[in-house]
Structures are given as C-alpha cells and as structure tokens.
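# Fold and geometry: a report
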2 protein chains.
Amino acid sequence: MRALKERILSEGKNLGGGILKVDGFINHQVDPALMDACGRELARRFKDVRATKVLTAEISGIAPALITAMCLGLPVVYARKHKPITMPDQVFLTLSPSHTKGRTVELIVSPEYLADGERVLIIDDFLASGATILGLVRLAQTAGAELVGIGTLIEKRFEGGRGVLADLGIQIESLACIISMEDEQIIFEDDQA
Amino acid sequence: MRALKERILSEGKNLGGGILKVDGFINHQVDPALMDACGRELARRFKDVRATKVLTAEISGIAPALITAMCLGLPVVYARKHKPITMPDQVFLTLSPSHTKGRTVELIVSPEYLADGERVLIIDDFLASGATILGLVRLAQTAGAELVGIGTLIEKRFEGGRGVLADLGIQIESLACIISMEDEQIIFEDDQA
C-alpha cells in the first residue's frame with residue numbers, strides 16, 4: 001500500500017538490529033487518517049473470508065483492528081496482557097515471547113468474547129517473527145474458533161514470521177512488506193529488482 | 001449520549017464496589033460502530049477548542065481517542081505504560097495510581113510528540129477518581145502544552161474526578177455520567193428526579 005510505504009520511508013527510522021521506529025504515526029503517536037486508510041484496505045482484502053470477529057493484541061494492534069472491524073461490521077477483541085478485575089477467573093491464556101521487550105508476555109482473552117465456531121480474522125501492526133500472532137492463533141484455536149485470515153500493517157519478511165504461519169493455510173496480508181533493513185536502508189518487496 | 005447509556009444498561013454489569021464491567025463493548029471486546037458514534041460526538045463537543053493534538057492513555061482510551069482525533073483532523077498520542085526501545089532515553093514520565101489495578105502505573109510520553117505550545121485535548125474511556133487523567137494533565141503541562149479539554153465516555157461522578165479536575169478551568173465532557181451504582185443499580189445523571 002503506497003501511502004504506508006511512503007510514510008515509512010519519510011518518517012520511519014531504521015534503528016539497526018531489525019528495529020523499525022514508526023512511533024510517529026503507528027505506535028505512540030498515531031495518524032488516524034493513515035490508520036483509517038490501512039484499516040479500510042485490510043477490510044477490502046478480507047471481505048470474502050466471512051469473518052465473524054476481529055482479534056488483535058493490545059496495544060498497537062488496536063487502531064488498525066478497530067477500523068478493519070468497523071468496515072467489516074464486526075466486533076473486535078483485543079487480547080489483554082494483564083488480567084483486569086472485570087474478567088472472569090477462567091480465561092484463555094497463552095505465553096508469547098516478545099523480542100522487542102526481551103521477555104515473555106501473557107495474552108489473555110475472556111471466553112465470553114471468543115467462542116467455539118467463530119471465524120477469526122487476526123489484525124496486528126507488525127508481522128515479524130510471528131510470535132505474537134502465533135499466540136493469538138493459539139488463543140483462537142483453544143476457544144474452538146476457526147482462523148480465516150491474518151492481516152498486518154508492516155511485515156518484516158526477513159524475520160521469518162510468514163513461514164511460521166504458512167502451515168495454517170490461510171490468507172496472510174501485509175500492507176508494507178520489508179525484505180531488508182541492512183545498511184540503514186529500508187527495502188520493500190516491490191522494490192526488488 | 002443515549003446509545004452509550006442504553007448499552008451500559010443492557011450489557012454493562014455493576015460488579016459492586018463501584019466497578020462497572022463494560023468489557024463486552026469498550027475495553028476488551030470493542031463495538032467499533034459505538035466507538036465511532038462516541039468519538040464523533042466528542043469531536044462535535046470539542047470542535048471549537050482549537051486543539052492541535054489528542055492525548056490518551058493506553059489501552060482503553062485508544063479506540064475513542066482515535067475516532068475523535070480522526071474527526072478533528074488531528075494526530076493522537078497515547079501515553080505508554082512501559083517505555084519501548086524505540087523511545088529516546090529522555091521522556092516525560094509521571095506516576096499514576098490505578099485503583100482498578102491496585103498499584104501505581106507509569107505514564108510515558110516522548111518529547112518528540114508532545115511539544116511546547118500545543119493545545120491538548122485529553123480523551124479517555126473513564127473519568128472516575130481522575131487519577132489517570134491528572135497524570136495526562138501533568139505530562140501535557142510538563143511539555144509546556146496547554147490543556148483545552150477533557151472528554152470521556154463514562155464518568156463515575158460519585159468517585160469525584162470532576163471535582164479534582166475543576167481547577168483546570170477547561171471544558172469537561174462525559175457521554176454517560178453515572179451518579180450512583182449502589183444497590184446493584186446504574187443511575188445516570190439525567191435520570192435523577
């Protein structure tokens with residue numbers, strides 16, 4: 001998606017070590033117009049998968065997932081990383097290693113909002129190693145739900161997440177796919193010779 | 001706002017002790033259409049305050065703040081509770097007691113995205129004791145920004161937050177104002193005899 005790629009090139013910062021700083025428009029300061037455009041594009045790509053629910057992980061997945069869900073007319077559930085007191089004692093919980101945090105985080109969903117038979121579309125900001133998204137996949141599977149698609153804003157193809165998720169046999173979309181961040185550059189898939 | 005109040009009455013649960021469970025449509029599962037309506041209504045109420053930025057706190061404030069900011073054509077910044085590696089070492093940080101979590105949380109904003117001279121509109125899901133919103137106020141003031149309004153989805157008037165914030169002398173709006181949750185009831189301000 002051109003608008004997102006242009007924004008990454010103009011405002012994103014390659015901090016080295018595969019770390020892309022996009023906190024000026026995605027995950028600290030958010031550009032609502034860009035999120036709106038991205039959410040709409042993801043909804044367009046998944047309009048035929050007959051999802052019944054959008055699932056994301058707090059925090060940075062919420063903005064794009066909200067717009068995608070709005071366009072598809074679906075509720076969105078965000079997996080919590082801490083169990084709030086309003087949640088029942090029995091929950092779906094999985095552990096997910098976070099590379100950027102350097103530790104393991106919990107992903108928690110209440111059985112009230114993820115049910116057997118649902119058709120789940122996962123939306124998140126990044127597809128990198130795939131660890132967080134695999135956590136969401138496990139939560140959905142534990143609930144007895146069916147995965148129908150995975151959509152992300154930015155994919156770091158060189159971190160291998162797409163390969164990890166390929167066995168699911170479902171549609172995977174990313175709006176900006178980065179194939180290399182070496183030498184301080186940001187190279188998108190389309191730019192490949 | 002009638003749609004929000006009706007939803008609170010039909011799906012919200014008064015868990016006692018002033019705790020209102022609205023995680024079926026606001027803070028775990030989210031109803032995007034309701035958030036869209038709420039965000040638009042907050043934008044309408046603050047259309048004349050000439051805000052230059054919307055400020056919220058992760059996590060549950062993100063959805064309404066995103067829509068409000070979109071309608072006003074502004075960027076939205078959400079204060080982080082953990083400093084990510086993409087953030088510079090020097091940040092604006094304040095401590096905020098969280099009643100529902102029973103501990104103190106950090107609220108962190110990068111100086112890159114909150115600057116001297118900005119006109120800040122704070123949007124969050126709840127106005128209860130006012131502790132979180134006061135934390136956001138301190139962050140904005142530390143940055144040299146001017147507060148121009150505070151908007152929330154649900155106010156628990158009986159927890160006193162509005163009084164705490166009154167000294168700021170700015171417009172404070174809540175879309176559903178609860179004045180009592182005693183005896184398992186949920187009584188809105190408008191319903192008062």
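Residues numbered from 1 in each chain as written. Chains lettered and ligands numbered in written order. Predicted model: local features only at pLDDT ≥ 70, side-chain atom pairs only at ≥ 80, totals over all residues.

### What to know about the nonpolar core
In summary, soluble globular proteins display a tendency toward joint burial of nonpolar side chains. Core analysis: the biggest nonpolar cluster contains 113 residues, and Leu66, Leu136 and Ala140 of chain A together with Leu66, Leu136 and Ala140 of chain B have the highest contact counts within it. Sequence-distant contacts of Leu66 of chain A, that is, excluding residues within four places in its chain, are made with Gly39 and Val76 of chain A together with Val30, Pro32, Met35, Ala63 and Leu66 of chain B. (Core = buried A, V, L, I, M, F, W, Y, C linked by C-beta atoms within 7 Å. Buried ≥ 20, exposed ≤ 12 C-beta atoms within 10 Å, placed from the backbone. Contact = placed C-beta atoms within 7 Å.)

### Things to note about the relation of the copies chain A and chain B
With an axial shift of 0.0 Å and an RMSD of 0.0 Å, the rotation relating chain A to chain B amounts to 180 degrees. Look at the turn and shift together and you get a two-fold axis relating the two. Most of the interface of chain A is mirrored in chain B: 100% of its interface residues are interface residues there too. (Least-squares fit on C-alpha atoms with pLDDT ≥ 70 in both.)

### Describing the packing of helix H2 (residues 32-45) of chain A against helix H3 (residues 62-72) of chain B
At their nearest, the axes of H2 of chain A and H3 of chain B sit 9 Å apart, and the two run at 105 degrees to each other. Compared by their axis directions, H2 of chain A and H3 of chain B come out roughly perpendicular. In this structure, H2 of chain A contributes Pro32, Ala33, Met35 and Asp36 of chain A to the contact, and H3 of chain B contributes Leu66, Ala69 and Met70 of chain B. The residue makeup of the contact of H2 of chain A with H3 of chain B, split by class, is six nonpolar, no polar and one charged. (Axes fitted to C-alpha atoms, helices over the stretch in contact; angles between N-to-C directions. Helix = DSSP H or I, 4+ residues; strand = E, 2+ residues; numbered from the N terminus. Parallel < 35°, antiparallel > 145°, perpendicular 65-115°, else oblique. Nonpolar A, V, L, I, M, F, W, Y, C, P; charged D, E, K, R; others polar.)

### Some remarks on the interface of chain A and chain B
If you look at the interface, chain A gives 33 residues, while chain B gives 33 residues. Mapped onto the side of chain A that touches chain B, the elements with two or more residues apiece are strand S3 (29-30), H2, helix H3 (62-72) and strand S5 (76-79) of chain A. The greatest single-element share of the side of chain A that touches chain B, amounting to five residues, is contributed by H3 of chain A. Residue composition of the side of chain A that touches chain B, grouped by class: 20 nonpolar, six polar and seven charged.

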